Amino acid sequence: MRWYTAIGMKTVRGDGKFYVKTDGEEKMLTDMEAYLWCALLWSIVPEDTIYKRMRKILCLTFPGENKGGDQEEFRYCLRRLCTRGLVAWVETENKKEAEISLFKEALVETRLSSFRERLSMFLVSLISGYGVPLSLRALRGDPLKKQNKNLLNNLRERGEIAVYLEDIRKDGLDSGKNNTEIINLQRKFISDIAELHTKKVLLIQTVKKEGYEI
């Protein structure tokens, strides 16, 4: 199964067009590309649900109107976003393995959100099926565990995940841990990264084609 996620950070310009900055470059998106990118933001989504998620965003944005293209246009825009480095995908058996495959190769950036951005997160959470009570957390900010706060502070200084995974490997070898124990520690670290991503305080800036092996 293929799993997809959005890459980069939305930027604001005075021309009213939708731009995303990734790997130091700003790229303009068409209307459908923008809605598709938003449907994948802060989520790791199976391929067969993406179109439905995008349609939900359009229905919430334009209630009562028939906005958006057909499946063929959708597939074209998805391929184009992947080619331009604005969407990344991996092929794995389940979401947990998809998280590992994506984040072990990622450069991430911490993100503090404005009210408008939190409102957008609220809508995205609704269309993801979390319901109103859980989605409201996006408006007021989901509290972080102390451990994750410390991790977030570290990531502000250094966002390349492979560097942390190598540090875990070296520390594990120095302390006499076996290979299985080291891999479990690395997977736990990536699980913490994925949680910060889900809580919308961490963005993926780029995903390398050749990443760290676990």
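Conventions adopted
- Residues numbered from 1 in each chain as written.
- Predicted model: local features only at pLDDT ≥ 70, side-chain atom pairs only at ≥ 80, totals over all residues.
- Heavy atoms only, no water.
- Helix = DSSP H or I, 4+ residues; strand = E, 2+ residues; numbered from the N terminus.
- Buried < 20%, exposed > 50% of the residue type's maximum accessible area, 1.4 Å probe, protein only.
- Contact = heavy atoms within 4.5 Å.
- Areas by Shrake-Rupley, 256 points an atom, 1.4 Å probe, with all protein chains shown as cover.
- Axes fitted to C-alpha atoms, helices over the stretch in contact; angles between N-to-C directions.
- Parallel < 35°, antiparallel > 145°, perpendicular 65-115°, else oblique.
- Nonpolar A, V, L, I, M, F, W, Y, C, P; charged D, E, K, R; others polar.
- Phe/Tyr/Trp six-rings, centres within 6.5 Å; stacked < 30°, edge-to-face > 60°.
- Pairing = 2+ DSSP bridges.
- Core = buried A, V, L, I, M, F, W, Y, C linked by side-chain atoms within 4.5 Å.

Caption draft 1: View of the overall build of the chain. Per the secondary structure count, the chain includes ten helices and eight strands. When each of the 214 residues of the chain is scored for burial, the buried share is 43%. By sequence separation, contacts in the chain at least 24 residues apart represent 69% of the contacts at least 6 residues apart. Taken as a whole, the chain presents about 12,100 Å² of accessible surface, with 50% of it coming from carbon and sulfur.

Caption draft 2: Quick look at the packing of helix 4 (residues 95-103) against helix 10 (residues 179-198). Across the interface, helix 4 lies against helix 10 with an axial gap of 10 Å and an inter-helix angle of 90°. Judged by the angle between their axes, helix 4 and helix 10 are roughly perpendicular. Contacts between helix 4 and helix 10 involve Lys96, Glu97, Glu99, Ile100 and Phe103 from the former and Arg187, Ile190, Ser191, Ile193, Ala194 and His197 from the latter. Its residues assigned to classes, the contact of helix 4 with helix 10 comprises five nonpolar, two polar and four charged.

Caption draft 3: View of the packing of aromatic side chains. Under the criterion given, the structure shown has four aromatic pairs. Between Phe18 and Trp37 the ring centres are 5.8 Å apart and the planes differ by 70°, which places this aromatic pair in the edge-to-face class. Within this pair, whereas Phe18 is found in strand 3 (residues 18-22), its partner Trp37 is found in helix 1 (residues 31-40), the two being separated by 19 residues in sequence. Of the two residues examined, Phe18 and Trp37, each falls in the buried class.

Caption draft 4: The arrangement of the packing of helix 1 against helix 3 (residues 71-83) in detail. The interhelical angle for the contact between helix 1 and helix 3, taken along N-to-C directions, is 70°, at an axis separation of 10 Å. Compared by their axis directions, helix 1 and helix 3 come out roughly perpendicular. Residues Met32, Glu33, Leu36, Trp37 and Leu40 of helix 1 form the contact with helix 3, whose participating residues are Glu73, Phe74, Cys77, Leu78, Arg80 and Leu81. Its residues assigned to classes, the contact of helix 1 with helix 3 shows eight nonpolar, no polar and three charged.

Caption draft 5: Representation of the side chain of Gln205 within the structure. For Gln205, the location among the structural elements is in strand 8 (residues 202-207). If sequence neighbours within four positions are ignored, Gln205 has contacts with Ile7, Gly8, Met9, Lys21, Thr22, Asp23, Leu107, Val108 and Glu109.

Caption draft 6: Molecular detail of the sheet that holds strand 6 (residues 87-91). The three strands lie next to each other as 5-1-6, forming an open sheet whose pairing is antiparallel. The open sheet has two edge strands, strand 5 (45-46) and strand 6, and neither has a second partner. Direction of pairing for strand 1 (residues 2-6) relative to strand 5: antiparallel, over a ladder of two bridges. Considered in strand 5, the bridge of Tyr4 is made with Val45.

Caption draft 7: The arrangement of the nonpolar core in detail. Formed by 28 residues in total, the largest nonpolar core has its most connected members in Leu36, Trp37 and Leu40. Sorting the residues of this core by element identifies strand 1, strand 3, helix 1, helix 2 (50-61) and helix 3 as the ones contributing at least two each. The leading source of residues in this core is helix 1, at seven residues. With residues up to four places along the chain from it excluded, the contact list for Leu40 reads Tyr4, Thr5, Ala6, Val45, Ile50, Leu78 and Val87. Residues Val90, Leu155, Ile168 and Ile190 belong to the second largest nonpolar core, which totals 26 residues.

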